[in-house]
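Descriptive structure summary
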Amino acid sequence: MAGLFLAFALIAVPVMHLVVPPESPLHLSTYFITLTGKILCYAIVAVAMDLIWGYGGILSLGHGLFFALGGYAFGMYLMRQIGRDGSYQSDLPDFMVFLDWPELPWFWLGSDSILWVALLVLVVPALIAFIFGYFAFRSRIKGVYFSIITQALTYASMLLFFRNETGFGGNNGFTDFKRILGFSITAPETRVVLFALSALALVATLLLARYLVTSRFGRVLTAIRDAEARVMFIGYDPLWYKLFVWTLSALLCALAGALYVPQVGIINPSEMSVANSIEIAIWVAVGGRGTLIGPVLGAFLVNLAKSWFTVSFPEYWLFFLGTLFIVATLYLPQGVIGLYARLRAGRQRPPGNPTVGAASGARPS
């Protein structure tokens, strides 16, 4: 399945977008490339959430923070690539000129280097996640209390990034990008490359996650999810297992955020909103927790529905989202993947009622 998906993403999509003429029904538009690339990034986040929630039993309502931090880190590089093509024709980003910043702040130094920014994308969110997770898991905070704390952390970070003096563009964030590695960011070839990188990142994330959950580490992690006290009793320390998967999940979200920003063309503090983090959990719940492929399916289903609802019935989207979450929780505890498995098992079941003999007290001779 991964090979077929990559063949489509790396061969078919570029040909259908760049080679096939626009008047052909086989042509893939720029809108399709951008929308699908964005959802591929969301799917990476969904898999990252499934690792900690579906397999680790850790429900985070703050993963939007790590996604946004990765986006902001790469957005710094994109803002530096604008150069003097901005509105004020200055070496400083436009928002800094507008706010009378005399020079770049210290944490912007080196942001014109793609290698340095790539390091920031991975290290900063992972470090924040490690520090936060260490103290939270060492204190044995879990369940709804952990969810509330992650929600508070994300909300506090959003309020911080809204402030102009933090040096991240305030409520407007970063936008009006021009180039990436010297290439026009709006060129069709650039968009196809970003789409292909998102597809590769998703497949790599799925393969890494599958390796982890089927390994000894994954078995211990699911044991901690189901009976943490028993795992401690037989000699395992849950702290380091939970801390590792938590930090890895944050790193994957940051990578998705870095791929998301150049495709969408903007990053602002609203990406850290509590609603966005809750929506990530909804993707996983709808698709099916603890399945890896289910969250990918959930991310596509929910975001495609969002794209249609916000255009056709924008005032009803939040009602639909809430209803979807309630229905998935009450009637589809294993998500769409679980529903498919039940339907498939029902079709394969032989005709007749296998419980008749048991109900009548008959026993095999």
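Up top is the structure.
Bear in mind that the values here come from a model prediction, so they are computed numbers and not experimental data.

1. Overview of the environment of Leu 297
Positionally, Leu 297 belongs in helix H11 (residues 293–312). On the accessibility criterion, Leu 297 (33% relative accessible area) is partly exposed. The sequence separation of Leu 297 and Ala 229 amounts to 68 residues, and the corresponding C-alpha distance is 33 Å. Excluding residues within four positions of it along the chain, Leu 297 makes contact with Val 336 and Ile 337.

2. Describing the pattern of salt bridges
According to the stated counting rule, one finds nine salt bridges in the structure shown. One salt bridge in this structure joins Asp 85 and Arg 179, with 2.8 Å as the shortest N-O distance. Taken together, the residues span a long stretch of sequence, with Asp 85 in the loop between helix H3 (63–80) and helix H4 (94–98) and Arg 179 in strand S2 (residues 179–180) at a distance of 94 residues. Classification of Arg 179 by relative accessible area gives partly exposed; the value is 26%. Taken together, the shared-partner salt bridges connect Lys 142, Glu 228 and Lys 242 into one network.

3. So, helix H5 (residues 114–138)
Compared with an ideal rise of 1.5 Å per residue, which puts 25 residues at 36 Å, H5 spans 36 Å between its outermost C-alpha atoms and is within 8% of the ideal. On its buried face, H5 is in contact with H3, helix H6 (144–162) and helix H9 (238–264). Positive phi shows up at Arg 140, right after H5, with a value of about 60°.

The rules we used
Residues numbered from 1 in each chain as written. Predicted model: local features only at pLDDT ≥ 70, side-chain atom pairs only at ≥ 80, totals over all residues. Heavy atoms only, no water. Helix = DSSP H or I, 4+ residues; strand = E, 2+ residues; numbered from the N terminus. Buried < 20%, exposed > 50% of the residue type's maximum accessible area, 1.4 Å probe, protein only. Contact = heavy atoms within 4.5 Å. Salt bridge = Lys/Arg side-chain N within 4 Å of Asp/Glu carboxyl O. Expected span 1.5 Å × (residues − 1).

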